[in-house]
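# Inside the fold
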Amino acid sequence: MRTKKSPLSLFIVLCLLITLPILLVSGCSQKTSDFMDTTSNPKAEITAATNIEQETTISDTALSDTREITDLAGRKITLPADITRISVLHPIPCQMVWRLAPEKLVSVDKQFTERLEFMSDDEEKRLLALPINGEFHSDMNIEDLLAVSPQVVITLTKDMKIESEQKKVGIPFVAASKDTLEEIADSWRLIGKIVGNEKEGNELGDYWDETIKKVTDQTSKINESDKLKVYYAQPDVTKTVGSRTIMASIISLAGGISFMEANPQMESANTSEEIQVSLEQIYQWNPDVIITKTAKGRDEILSKDAWKDIAAVKNKRVYASTKYEMLDRTQSLMGLLWTAKMLYPDKVKIDLNKEVKTFYSKVYLDNNVTNDQINQTN
């Protein structure tokens, strides 16, 4: 017997049948909307990608604001990526910065301002107007240095205060080197990298190496037994230089033997350029050649009886280095050529005048050097 449903039951069933499709359609629509928002909304994808790109760009920019270099003391230094303000604490790297990026010099070493004779009058006037930090061989003036706000300070590997100075002023210090002639070539390349002129820095470094090779290709053929003993005299003529100095490296590359190379037991510091020795020690070593820094030093040696029995004096082989070809300073490269020709005039074939004119054209941008100037002594 079939049970008869009440009108109320029928009404409930009818409501359920009407509501269920609406709920199903609404749920599907919400899921579809969520799916579209997260997976297929082009605007959302672009926005997300843009945010990621912006984060990457910001990160890359922060990294690109600095760069790391290794200086010639082997120190890893973090520098600004774009350097426009440089202070220098020694005349040789000062000359290099001037040559590669003159507008970036904001202060200079005192000795540099005393070595401007090879520059034009206008450039000399401009450089003399720059603030002076102090002098490499004496204390740096911290207040004057900070006043010009340099981004980097360039000094030498011989600067014993480099770490304390860097910490004190809160500015990166970079060490170049002039201890040997070869290291000056490395300094050109290092400073070219710092100032953003690697092309010319590398070219001048290569020029240095090629010129050294031009000499050593000839002097390397000299037998050890034929090498001349060379005493280098500072203005105080009983002061000489250590075995690891620019002067000693020039004598060695030119085919000679320097005093401290032969007498290392007398050497207190191999990078010192002011080693006191006695006339008796010089006499005992009996150098074949004496090279003096100044004409006054040469004349002193030649005029005093105490020196007259030394081989170099007896054989008239005492030479004063010249202003344009010194065994020190930036022009030391020409000092190598001059020294090789003085020691071995029959074995070393170099057109010195031509080489000197090329050097000043490249390094000082001076095309007006004369033959008479090339032979001037200090």
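Heads up: these notes are all about the structure in this document. What you are looking at is a predicted structure, and each value in this text was computed from that prediction instead of being measured.

Reading guide: rules and limits
Residues numbered from 1 in each chain as written. Predicted model: local features only at pLDDT ≥ 70, side-chain atom pairs only at ≥ 80, totals over all residues. Heavy atoms only, no water. Buried < 20%, exposed > 50% of the residue type's maximum accessible area, 1.4 Å probe, protein only. Helix = DSSP H or I, 4+ residues; strand = E, 2+ residues; numbered from the N terminus. Pairing = 2+ DSSP bridges. Right-handed = clockwise from strand over helix to strand, strands pointing away. Axes fitted to C-alpha atoms, helices over the stretch in contact; angles between N-to-C directions. Core = buried A, V, L, I, M, F, W, Y, C linked by side-chain atoms within 4.5 Å. Expected span 1.5 Å × (residues − 1). Contact = heavy atoms within 4.5 Å. Salt bridge = Lys/Arg side-chain N within 4 Å of Asp/Glu carboxyl O.

## Overview of the pairing of strand 7 (residues 173-176)
Side chains Phe 173 and Ala 175 of strand 7 all project onto a buried face; the interleaved residues Val 174 and Ala 176 project onto the opposite face, where all are buried too. Across 4 bridges, strand 6 (residues 152-156) lies against strand 7 in parallel orientation. Considered in strand 7, the bridge of Leu 156 is made with Ala 176. In this fold, strand 6 hands off to helix 7 (residues 162-169), which returns the chain to strand 7; that crossover is right-handed.

## What about the sheet that holds strand 6?
Pairing is parallel in the open sheet, where 5 strands are placed in the order 5-4-3-6-7. The sheet terminates laterally at strand 5 (132-134) and strand 7, the two strands that pair on one side only. Each neighbouring strand pair of the sheet contributes to a mean axis angle of 25°, computed without reference to strand direction. With 2 bridges joining them, strand 3 (residues 86-88) and strand 4 (residues 105-109) adopt parallel strand pairing. Bridging across to strand 4, Ile 86 finds its partner in Leu 105.

## Comments concerning the nonpolar core
Taken as a class, soluble globular proteins show a tendency for nonpolar side chains to be buried jointly. Counting residues in each nonpolar core, the largest one holds 74 residues, and the members touching the most others are Leu 105, Leu 181, Ile 194, Trp 208, Leu 336 and Phe 359. For this core, the leading source of residues is helix 8 (residues 181-195), giving 8 residues. Formed by 17 residues, the second largest nonpolar core is a distinct cluster that contains Tyr 231, Ile 290, Ile 301 and Val 318.

## A closer look at helix 9 (residues 198-219)
For helix 9, spanning 22 residues, the distance from its first C-alpha to its last is 31 Å, which sits close to the expected 32 Å at 1.5 Å a residue. Of all the residues in helix 9, the buried ones are Gly 201, Leu 204, Gly 205, Tyr 207, Trp 208, Thr 211, Ile 212, Val 215 and Thr 219. Next to the buried residues of helix 9 lie helix 3 (91-100), helix 8, helix 10 (246-253), helix 15 (332-343) and helix 16 (352-363).

## Looking at the sheet that holds strand 13 (residues 318-320)
Strand order across the open sheet formed by 4 strands is 10-8-12-13, with parallel pairing between neighbours. On the outer flanks of this sheet lie strand 10 (256-258) and strand 13, each paired with one strand and no other. Recorded for the sheet is a direction-independent mean angle of 30° between the axes of neighbouring strands. When strand 8 (residues 228-233) meets strand 12 (residues 289-292), the two strands line up parallel, connected through 4 bridges. Within the sheet, the bridge partner assigned to Tyr 231 lies in strand 12 and is Ile 290. Contacting strand 8, strand 12 and strand 13, helix 13 (residues 295-303) crosses the sheet at an angle of about 160° to strand 13.

## Structural notes on the pairing of strand 12
Along any regular strand, the residues point their side chains to alternate faces of the sheet. The two faces of strand 12 match: Val 289 and Ile 291 on one face and Ile 290 and Thr 292 on the other face are all buried. Alignment of strand 12 against strand 13, held across 3 bridges, turns out to be parallel. Looking across to strand 13, one finds that Ile 290 is bridged to Val 318.

## Section: the pattern of salt bridges
Tallied over the entire structure, the rule returns 21 salt bridges. With a shortest N-O distance of 3.9 Å, Arg 244 and Asp 179 are connected by a salt bridge. Here Arg 244 is found in the loop between strand 9 (239-240) and helix 10, whereas its partner Asp 179 is found in the loop between strand 7 and helix 8, with 65 residues between them in sequence. Since its relative accessible area comes to 32%, Arg 244 is described here as partly exposed. We classify Asp 179 as buried; its relative accessible area is 6%.

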